[in-house]
Amino acid sequence: MATSPVHFSIFHKTNPPQVTRCTVCCVHFHCPLCPAGMYKPRSKAVVLQHLEVHKKNALQHEDFYITKCHHACRTGKSGHFHCPFCSRTTVKKQDAERHLNICWPLSVVVEEKPQIKTTPSDPIPDKQENASTGYCTKVPESPLPSNPPRRVCRAKQTLFNNVTKKREDYLEWPEYFMAVAFLSAQRSKDPNSQVGACIVNQENKIVGIGYNGMPNGCDDDLLPWSRTADNRLDTKYPYVCHAELNAIMNKNSADVKGCTMYVALFPCNECTKLIIQAGIKEVIYLSDKYHNTDEMIASRRLLNMARIQYKQFKPKRTEIVIDFNSINQPGTLRSVTSENANGHLGAQ
């Protein structure tokens, strides 16, 4: 909470004034917004109810509350509003709000330009009355260039410095969905490659997840996991189900029409057939390292004919660390840019 020199208070809606027990004159609670001697100390519950009256009578501008001035600084009367930028006094709330809409955007200063400090008793420099509105405006000390530098509302910036802001390093939707695909790939038992897929609807809700593995009911200890053998039946390829197939089959909605699929590897021709038949509209993949194989050439031909969009995902970070201890000691996601994002991808 910031208190102005003209007896009113400004506080952000997420940072209301705190009520604490008095340790000077009594053992009760004072109103933090009333002038000394105006409000008799009372119990905390009563003071909190009194603060709600302050909020109801205050002027709410953007995310801030500007309380009334209860001093006799306007012709001997209390219950008026002061502009926090030019100290203009206004009686009616609607007039004060209309004035702030004019004065707030004008209360900006050019960066690295010294700010003029004034007090209510001093004349306000660079102030003139607008003939059409009657409200005050600020006149720059010198004309600004045609392309002025970036300007900052210093008064507004000072208020925001005391407000807790949101995290800036959170995962964006594409990163999140691709990360889910990679996390599901950790369930794969394939010793050579672990591939995951994630299907998302138009509301950014996950409707299907899958990873490469053997069919349900088939003992994966009895089936081969090799990539090469003299007999193709001794390799994994005739038996394994790809991540795209499992994601479509694991859907938790009636269908996946119009959805987007996030997948680690560009889909093969067999998975592309399923994607087309399921009605998926877009495929976002990370790696296309088998680009020149016959399967991938056929896959692109089918996607183009079905008018299904496909594009490569460009990660902003190459590693996302899941730390189970972070819930007890919060940390931030780490970004490792020196590693290859495709380093652990292999053929399904």
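Refer to the structure above for everything that follows.
Reading the values: the criteria
Residues numbered from 1 in each chain as written. Predicted model: local features only at pLDDT ≥ 70, side-chain atom pairs only at ≥ 80, totals over all residues. Heavy atoms only, no water. Phe/Tyr/Trp six-rings, centres within 6.5 Å; stacked < 30°, edge-to-face > 60°. Helix = DSSP H or I, 4+ residues; strand = E, 2+ residues; numbered from the N terminus. Buried < 20%, exposed > 50% of the residue type's maximum accessible area, 1.4 Å probe, protein only. Axes fitted to C-alpha atoms, helices over the stretch in contact; angles between N-to-C directions. Parallel < 35°, antiparallel > 145°, perpendicular 65-115°, else oblique. Left-handed = near helix turned anticlockwise from the far one by under 90°. Contact = heavy atoms within 4.5 Å. Nonpolar A, V, L, I, M, F, W, Y, C, P; charged D, E, K, R; others polar.

Trainee: Looking at this structure, how should I read the packing of aromatic side chains?
Mentor: To describe a pair of aromatic rings, you give the distance between the ring centres and the angle between the ring planes. Tallying each qualifying case throughout the model produces six aromatic pairs. Ring centres of Trp173 and Tyr176 lie 6.0 Å apart, and the angle between their planes is 70°; on these two criteria the pair is classed as edge-to-face. With Trp173 and Tyr176 both in helix 4 (residues 173–185), this residue pair falls three residues apart, about one helical turn. Taken together, a centroid distance of 5.4 Å and an interplanar angle of 15° make the contact between Trp173 and Phe177 stacked. Highlighted residues: Trp173 and Phe177, both in helix 4, separated by four residues, approximately one helical turn. Judged by relative accessible area, Trp173 falls into the partly exposed class, the value being 47%. A network of ring pairs unites the aromatic residues Trp173, Tyr176, Phe177 and Tyr262 as a single cluster.

Trainee: What is the right way to read the packing of helix 6 (residues 269–278) against helix 7 (residues 294–305) from this model?
Mentor: To characterise two packed helices, one gives the angle between the axes of the helices and the distance between these axes. Where helix 6 contacts helix 7, the two axes come as close as 8 Å, and the packing angle between them is 20°. With respect to helix 7, the element helix 6 is oriented roughly parallel. Crossing geometry of helix 6 relative to helix 7 is assigned as right-handed. Here Asn269, Thr272, Lys273 and Ile276 of helix 6 come into contact with helix 7, specifically with Glu295, Ala298, Ser299, Leu302 and Leu303. The residue inventory of the contact of helix 6 with helix 7, partitioned by class, reads four nonpolar, three polar and two charged.

Trainee: Is there a simple way to explain the environment of Ile206 in this structure?
Mentor: Looking at the secondary structure, you find Ile206 in strand 12 (residues 206–211). Classification of Ile206 by relative accessible area gives partly exposed; the value is 25%. Put simply, Ile206 and Phe177 are 29 residues apart on the chain and 8.1 Å apart in space, counted from C-alpha to C-alpha. Setting aside residues up to four positions removed in sequence, Ile206 forms contacts with Tyr176, Phe177, Val180, Cys198, Ile199, Val200 and Asn252.

Honestly, that's just the spatial picture; any functional story needs more than this.
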